[in-house]
Protein chains: 2
Amino acid sequence: MYFWENYFFVTRSEENYIKTIFHLGDNSSDLVSTNAIAEQMDTKPSSVTDMAKKLAEKGFVNYKKYQGVSLTDFGINTALSIIRKHRLWEVFLVEKLDFSWDEVHEVAEQLEHIKSEKLIDSIDALLDFPKYDPHGDPIPSKDGKFMERHKQLLSDMALKTEGVCVGVKDTSAAFLKFLDKNRIALGNTIKVLEKEDFDQSLHIQMEGKELHISHQIASNLYIKKND
Amino acid sequence: MYFWENYFFVTRSEENYIKTIFHLGDNSSDLVSTNAIAEQMDTKPSSVTDMAKKLAEKGFVNYKKYQGVSLTDFGINTALSIIRKHRLWEVFLVEKLDFSWDEVHEVAEQLEHIKSEKLIDSIDALLDFPKYDPHGDPIPSKDGKFMERHKQLLSDMALKTEGVCVGVKDTSAAFLKFLDKNRIALGNTIKVLEKEDFDQSLHIQMEGKELHISHQIASNLYIKKND
DNA sequence: ACAAATTTTTAGATTTGTCTAAATTTTAAT
DNA sequence: ATTAAAATTTAGACAAATCTAAAAATTTGT
Ligand SMILES: [Mn+2]
Ligand SMILES: [Mn+2]
Ligand SMILES: [Mn+2]
Ligand SMILES: [Mn+2]
């Protein structure tokens, strides 16, 4: 049994668990629960327990029985590398192959598991080192650093404030297609004109034109306020 | 249990067996033996027998106990689709990401299993529908047709005949790097000047310059004779 | 504080793909 | 035509990843 067999081989399934744990444990450093992982991954809690033990064994997570798991530094680096690949492939599909932003996620779920450092670094260079993916999510650099933009939900913006649309919270194909149909795209300028108390819908100005949008939409669009 | 679950889902392992059976059964329509598959795939004959039954069950092969397997039409189409993906990805890596021809095979072995018709068709278009991969092997079209070039081994060419180097038989990284070092590349013009009876080595003219090459090399280079 | 509800783990089974060792069939040699 | 050798299959086992059902621990509600 060689060194790399113990420490560096990661299965596709392990990678998916690590990525999910990263996303669920995002901004809080406390433990991620078995049930939360099971629900997110559409699997059973008992399967999660088994995998938690294996991931702990391999050094990706700290596992406290009945409490949950948290990623180790090694686990965080592994997660960032997978997320980097996922988001770079999404950019590639949109920029080089004319995929629309609602089509890229499923394919990226496969491509993120391809193991070749040279491949992903070349894709990165081909794309001229993009900082954000097609949904506005930041792309970790080779050494795991990335800039989360200062952004807020459109539904949380004050009246009269202006900004630029920089991301989506809901990344479902249905929502993304809806945005396309209504000419709402990342990079668009936005100004909040009026808020309707009754249903929290908004009157906004987008790229010059006036628009009425529901709370459902506004609470899934990220805006970066103008300085 | 849905239709597509029975008939269209193919695992990575099944795909690798199908591809191997295709290559081993190439120009002869007779059965491919269990041992040949096992040796090629670096696995055990008993594993091959198990898989042969499963592939027969799924309609990819005809399996005759103790005789071997042959691909069905469905199996051939499946194999061609995998080979198409493999070779298109190899071209992509060389043409768009500046990989050298000795680096592409391992990555293509992973990429060939990505399931997205739109993805591979877009890659095909991006590359302007190449007919051959970096090693000179033909790329099947979407509907499974491809042109095998009329070619012969350099070692089989008659004296004084001229041609163009169009492929390699040995695709090992060691051989490909050797060719690079000696400035032997696909597309080069070649003329056989002299054959040495003693060791079957050749004096050739390549792109104007004279060159001495061993039988080992000559018997792994494919040449298309000039009309 | 203690019972009830919820969460999590364990025990045991299943599927996929693999292995070793033994049995069977085919092929080759005398 | 037998026998020996080689190829192939079967039987039984194992690791990975999952599941169901039951047991154990934790959390919640009064
Ligand atoms: Mn995605
Ligand atoms: Mn994304
Ligand atoms: Mn190849
Ligand atoms: Mn090739």
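Position numbers for residues count from 1 along each chain, tracking the sequence in the order it is written. Chain letters start at A and ligand numbers start at 1, both assigned in the order the entries are written. Only residues with pLDDT of at least 70 are given local features in this predicted model, and only at 80 or more are side-chain atom pairs given and counted; all residues enter the totals for whole chains, interfaces and linings. Hydrogen atoms and water are omitted, and side-chain values are computed over all heavy atoms in the structure.

## Quick notes on the coordination of the manganese ion (ligand 3)
Residue and element names in this part refer to chain B. All of the protein donors around the manganese ion (ligand 3) are H86 (NE2), E90 (OE) and H105 (ND1); their distances to the metal are 2.0 to 2.2 Å. Coordination partners: N, O, S within 2.8 Å of the metal, 3.2 Å for Na, K and Ca; water not considered, so apparent gaps in a site are possible. Between the manganese ion (ligand 3) and the manganese ion (ligand 4), both coordinated by E90, there is a metal-metal distance of 3.5 Å. Residue E90 is found in helix α5 (residues 73-97), and its partner H105 is found in helix α6 (residues 104-111); the two are separated by 15 residues along the sequence. Comment: elements are numbered from the N terminus, with helices defined as DSSP H or I runs of at least four residues and strands as E runs of at least two.

## What to know about the domain arrangement of chain A
Quite often, the size of an interface is put as the accessible area lost when its parts meet. How far each domain reaches was decided by an automatic or database domain assignment. The domain architecture assigned to chain A consists of domain 1 (2-71) and domain 2 (152-225). Here the C-alpha centre of domain 2 of chain A lies 35 Å away from the C-alpha centre of domain 1 of chain A.

## Digging into empty space enclosed by the protein
All names here are of chain B. Each cavity reported here is a set of points on a 1 Å grid over the protein atoms alone in which a 1.4 Å probe fits but cannot get out, each pocket an open set with protein on both sides within 12 Å along at least five of seven lines, and each lining residue one with an atom within 4 Å of a point. Grid points are joined across faces, edges and corners, and a volume is the space filled by probe spheres set on the points. Under the definition given, this model contains one cavity of 30 Å³ or more. In this structure, the largest cavity spans a volume of roughly 30 Å³. Lining the largest cavity are Y17, I21, I37, V48, M51, A52, L55 and V69. Mapped by element, the contributors of at least two residues to the lining of the largest cavity are α2 (12-24) and α4 (45-57). Per element, the largest residue contribution to the lining of the largest cavity is four residues, and it comes from α4. Here the term charged refers only to Asp, Glu, Lys and Arg, the term nonpolar to Ala, Val, Leu, Ile, Met, Phe, Trp, Tyr, Cys and Pro, and the term polar to all other amino acids, Gly among them. Along the lines of polarity and charge, the residues of the lining of the largest cavity split into eight nonpolar, no polar and no charged.

## Digging into the sheet that holds strand β4 (residues 162-168) of chain B
All names here are of chain B. Strand order in the open sheet made by the six strands is β3-β8-β4-β5-β6-β7, with antiparallel pairing throughout. Sheet topology places β3 (152-153) and β7 (209-213) at the edges, where each strand pairs with a single neighbour. We call two strands paired when DSSP finds no fewer than two bridges between them. Relative to β7, strand β6 (residues 202-206) is paired through five bridges, and the arrangement is antiparallel. Directly across from M206, in β7, lies its bridge partner K209.

## Brief notes about the coordination of the manganese ion (ligand 1)
All names here are of chain A. Within the protein, the manganese ion (ligand 1) binds to H86 (NE2), E90 (OE) and H105 (ND1); these donor distances fall in the range 2.0 to 2.2 Å. Counting gaps between the donor residues of the manganese ion (ligand 1) yields the pattern H-x3-E-x14-H. Between the manganese ion (ligand 1) and the manganese ion (ligand 2) the interatomic distance comes to 3.5 Å, and E90 is a ligand of both metals. Each residue is placed in one exposure class: buried if its accessible area under a 1.4 Å probe, protein chains only, is under 20% of its type's maximum, exposed if it is over 50%, and partly exposed if it falls in between. Take E90: its relative accessible area is 1%, and that puts it in the buried class.

## Considerations on the interface of chain A and chain B
Throughout, a contact is declared for two residues whenever any of their heavy atoms are within 4.5 Å. On the side of chain B, 21 residues touch chain A, which itself brings 21 residues to the contact. Carbon and sulfur atoms supply 71% of the area that chain A and chain B bury against each other, a total of about 1600 Å² over both sides. Once two parts are brought into contact, the accessible area they lose, counted with a 1.4 Å probe and summed over both, makes up the buried area. Together, L97(A), Q110(A) and K118(A) form the three largest contributors to the area buried by chain A at its contact with chain B, with a combined 29%. A carboxyl oxygen of Asp or Glu within 4 Å of a side-chain nitrogen of Lys or Arg is what we treat as a salt bridge. If you look at where chain A meets chain B, you find two salt bridges. In this structure, K118(A) engages E103(B) in a salt bridge whose closest nitrogen and oxygen atoms are separated by 3.1 Å. Nitrogen and oxygen atoms within 3.5 Å of one another constitute a polar contact, given that in protein one can donate a hydrogen and the other can accept it, and given that sequence-neighbouring residues count only through two side-chain atoms. The interface formed by chain A and chain B holds four residue pairs in polar contact (both at pLDDT 80 or more) in total. Counting only elements with at least two residues in the side of chain A that touches chain B, the list comes to α5 (73-97), α6 (104-111) and α7 (117-126) of chain A.

## Quick notes on the nonpolar core
F92(A), L119(A), I123(A), F92(B), L119(B) and I123(B) are the most contacted members of the largest nonpolar core, which totals 32 residues. Leaving out residues up to four positions away in the same chain, I123(B) has contacts with F92(A), L97(A), L88(B), W89(B) and F92(B). We define a nonpolar core as any set of buried Ala, Val, Leu, Ile, Met, Phe, Trp, Tyr and Cys residues linked to one another through side-chain atoms lying within 4.5 Å.

## Observations concerning the protein's contact with DNA strand D
Among the 20 residues in the neighbourhood of DNA strand D, the closest are listed as K54(A), T49(B), K53(B), Y63(B) and K65(B). Take the atoms of DNA strand D that sit within 4 Å of the protein: sugar and phosphate atoms are 78% of them. K44(A) is positioned with one of its backbone polar atoms (N or O) 3.1 Å from a phosphate oxygen of DNA strand D. Going through the elements one at a time, α2 (12-24) and α4 (45-57) of chain A together with α3 (34-41) and α4 of chain B are the ones with two or more residues in the surface near DNA strand D. Looking at the surface near DNA strand D, its residues break down into five nonpolar, 10 polar and five charged. If even one non-hydrogen atom of a residue comes within 4 Å of a molecule or strand, that residue is called near it.

## As for the pattern of salt bridges
All names here are of chain A. Applying the stated rule across the entire model yields 24 salt bridges over all chains. Of the charged contacts in the structure, one is a salt bridge between E162 and K191, with a shortest N-O distance of 4.0 Å. Taken together, the positions of E162 in strand β4 (residues 162-168) and K191 in strand β5 (residues 189-195) put the pair 29 residues apart, joining distant regions of the chain. Look at K191 and you get partly exposed, because its relative accessible area is 24%.

## Topic: the protein's contact with DNA strand C
Contacts to DNA strand C come from 20 residues, most closely from T49(A), K53(A), Y63(A), S47(B) and K54(B). Of what DNA strand C places within 4 Å of the protein, 75% of the atoms are sugar or phosphate. K53(A) is positioned such that a nitrogen or oxygen atom in its side chain is 2.5 Å from a phosphate oxygen of DNA strand C. Measuring from a base oxygen of DNA strand C, one finds a side-chain N or O atom of S46(B) at 3.0 Å. Where the surface near DNA strand C is concerned, the elements lending two or more residues are α3 (34-41) and α4 of chain A together with α2 and α4 of chain B. Broken down by class, the residue content of the surface near DNA strand C amounts to five nonpolar, 10 polar and five charged.

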